Amino acid sequence: MIQSVNHSIPAFDIKQQYTTIEAEVSAAVLEVLASGRYIGGPIVAGFEQQFAAYTGVSKCVACNSGTDALFLALRAFNIGAGDEVITTPFTFIATAEVISAVGAKPVFVDINTTTFNLNVEQVAAAITPNTKAIIPVHLFGQPVDLTGLMDIAEAHNLVVIEDCAQSTGASWAGQKVGSIGHIGCFSFYPTKNLGGCGDGGAITTNNPEVAEKLRILKEHGQKNRYHYEEIGVNSRLDAIQAAILQIKLRYLDIWNNQRRQVAARYHQFLNQIPGIIAPQELAGGMGVWNQYTIRVLSNKRDLIRNQLQERGVNTMVYYPRPLHLQPVYANLGYKEGQLPVAEQACDEVLSLPMFPELSEEQQDQVIYSLKDCFFS
Ligand SMILES: *Cc1c(COP(=O)(O)O)cnc(C)c1O
């Protein structure tokens, strides 16, 4: 079908985006360097305010990473030894790792077939007297049905900690993710929708006491200068990263719209291929497509992945193994077959090239190559 393949298409490309804002970013970084304020200061505070306003919350606390954001969120709600936290087995390890890091126990609930997100209907059955919190993950940029989840949480007095690492800018029922649960955790890792040039993270909440606790915990548990009441950590967003993120936040909606356009075009053409299932948004959700992840049926995922690679189309597998079957969680005693939807997803998922700057020509190459794999 396709005549010639001249350039291979990367699964993501963060360098290309940088070239579009290079002058602005360079000037802002140089300004921070000249200021001598490398930790804290007005640039970091300014970013926190802007990000709170963008998300639609009253408080934002910046930190060193998405992982730290989740860890600090659990600590802020005093979740620890003896507590259980419900989450999805189909996510990046950080989501569950932090539950273990605070001494609590992760409880995995299966996912929804169409969205890859936590199956909200199955959450209630996993609640025990020890359950303290739920961590829904807005995976691949698609929001979880938070209306249903908040109802369950309220009925059982549970904290909802949104893992928004892959979904900055997404919304559910007209509200931004990170503003609906009790607390929202964001990552600014370079490949996320809002990515810095290094590590970074942020926590959002409408609860001023929780925000205050987060500030204490992320600064070594320091309440007043050199007065410590809790064991904390050192978790900072650097001023250089904050300066870069301030600039990129201004473009985020444009970039997310470009991702949505790519997803719409992919859907239009890939929906016709019988051997795959193209992803879909839930009604009520507005996704931001950190990944565009199809399912390849009939045990053909790895074969198709190789055939695409031969045609110059690079893809990724997020995630090849569910967390409940990872060696690190063998002690929890989960068995194969116990969370079948997540397990099947791990065998079928394939994430296609997705970034805002992906040209129509490149999209066509992905579409034609995929059709070629099935129809030639
Ligand atoms: C990236 C990611 C994290 C962790 O963020 P870091 O900034 O890399 O620490 C947590 N959860 C999910 C779902 C992620 O994708």
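Residues numbered from 1 in each chain as written. Predicted model: local features only at pLDDT ≥ 70, side-chain atom pairs only at ≥ 80, totals over all residues. Heavy atoms only, no water.

**Observations concerning the site of the ligand**
How we decide: Put simply, a residue is near a molecule or strand once any heavy atom of it comes within 4 Å of that molecule or strand. Two N or O atoms form a polar contact when they lie within 3.5 Å of each other; inside protein one atom must be a possible hydrogen donor and the other a possible acceptor, and for residues adjacent in sequence the pair counts only when both atoms belong to side chains. Per-residue and other accessible areas follow the Shrake-Rupley method at a 1.4 Å probe size, with only the shown protein chains counted as cover for residues. Starting at the N terminus, helices and strands are each numbered in turn, a helix being any DSSP run of H or I of at least four residues and a strand any DSSP run of E of at least two. Here the nonpolar group is Ala, Val, Leu, Ile, Met, Phe, Trp, Tyr, Cys and Pro; Asp, Glu, Lys and Arg are the charged ones; every other residue, Gly included, is treated as polar.
Neighbouring the ligand are 14 residues, the closest being Gly66, Thr67, Gln166, Ser187 and Lys192. Within the side chain of Gln166, an N or O atom sits 2.8 Å from an oxygen atom of the ligand. When the ligand sits alone it has 380 Å² of accessible area, and the protein chains cover 92% of it. Taken together, the elements giving at least two residues each to the shell around the ligand come down to helix H4 (66-76) and helix H5 (94-101). Counting residues per element, the shell around the ligand draws most heavily on H4, at three residues. Broken down by class, the residue content of the shell around the ligand amounts to five nonpolar, seven polar and two charged.

**What about the sheet that holds strand S6 (residues 171-172)?**
Condition: Pairs of strands are assigned from DSSP output, requiring at least two bridges between the strands.
Read from one edge to the other, the open sheet built from three strands follows the order S7-S6-S13, with strand pairing classed as antiparallel. Edge strands, defined here as strands with exactly one partner in the open sheet, are strand S7 (175-176) and strand S13 (285-286). Both S6 and S7 contribute to a ladder of two bridges, which runs antiparallel. The residue bridging Trp172 from the neighbouring strand is Gln175, located in S7.

**Section: the environment of Ala45**
Within the element layout of this structure, Ala45 appears in helix H3 (residues 42-55). C-alpha separation for the pair Ala45 and Ala239, spaced 194 residues apart in sequence, amounts to 9.3 Å.

**Brief notes about the domain arrangement of the protein chain**
Selection criterion: Domain delimitation follows an automatic or database domain assignment. Buried area counts how much accessible surface, traced with a 1.4 Å probe, disappears from two parts once they are put together, with both parts' losses summed. Definition used for salt bridges: Asp or Glu carboxyl oxygen within 4 Å of a side-chain nitrogen of Lys or Arg.
According to the domain assignment, the protein chain contains domain 1 (17-109 + 116-246) and domain 2 (252-375). Centre-to-centre, using C-alpha coordinates, domain 1 lies 25 Å away from domain 2. Each partner contributes to the roughly 2900 Å² buried at the junction of domain 1 and domain 2, and carbon and sulfur atoms together form 63% of this total. Sorting the residues of domain 1 by area buried against domain 2 places Phe108, Phe140 and Asn193 first, and these three jointly supply 23% of that buried surface. At the boundary of domain 1 with domain 2, the tally comes to zero salt bridges. Linking domain 1 to domain 2 there are 17 residue pairs in polar contact (both at pLDDT 80 or more).

**So, the packing of aromatic side chains**
Operational definition: Note on aromatic pairs: the rings of Phe, Tyr and Trp (six-membered ring only in Trp) are paired at centre separations within 6.5 Å, and the planes decide the class, stacked below 30 degrees, edge-to-face beyond 60, tilted for the rest. Comment: the charge-over-ring label is applied if NZ (Lys) or CZ (Arg) is within 6 Å of the ring centre and within 35 degrees of the ring normal.
Tallied over the full model, the rule gives 15 aromatic pairs. One aromatic cluster is present, built from ring pairs that chain together Phe47, Phe51, Tyr54, Phe186 and Phe188. Note that Lys176 overlies the ring of Tyr54, its terminal NZ or CZ placed 4.0 Å from the centroid.

**Observations concerning the nonpolar core**
Quick reminder of the rule: Residues belong to one nonpolar core when they are buried, are Ala, Val, Leu, Ile, Met, Phe, Trp, Tyr or Cys, and are joined through side-chain atoms within 4.5 Å. When accessible area is computed with a 1.4 Å probe and restricted to protein chains, residues below 20% of their type maximum are described as buried, those above 50% as exposed, and intermediate ones as partly exposed. Two residues qualify as a contact provided that any one of their heavy atoms is within 4.5 Å of a heavy atom in the partner residue.
If you look at the biggest cluster of nonpolar residues, it comprises 37 residues, and the most contacted ones within it are Phe90, Tyr266, Leu270, Tyr292, Ile294, Leu352 and Leu370. Where this core is concerned, the elements lending two or more residues are helix H9 (239-270), strand S14 (292-296), helix H10 (301-310), helix H11 (340-348), strand S15 (349-352) and helix H12 (360-375). Beyond its immediate stretch of four places on either side in the chain, Tyr292 contacts Ala263, Tyr266, His267, Leu270, Ala278, Pro279, Leu350, Ser351, Leu352 and Met354.

**A short note on the pattern of salt bridges**
Within this structure, the stated rule accounts for 11 salt bridges. Salt-bridge contacts for Arg265 lead to Asp364; the nearest nitrogen and oxygen are separated by 2.9 Å. With Arg265 in helix H9 and Asp364 in helix H12, this residue pair connects regions lying 99 residues apart in the sequence. In this structure, Glu348 engages Arg295 in a salt bridge whose closest nitrogen and oxygen atoms are separated by 3.1 Å.

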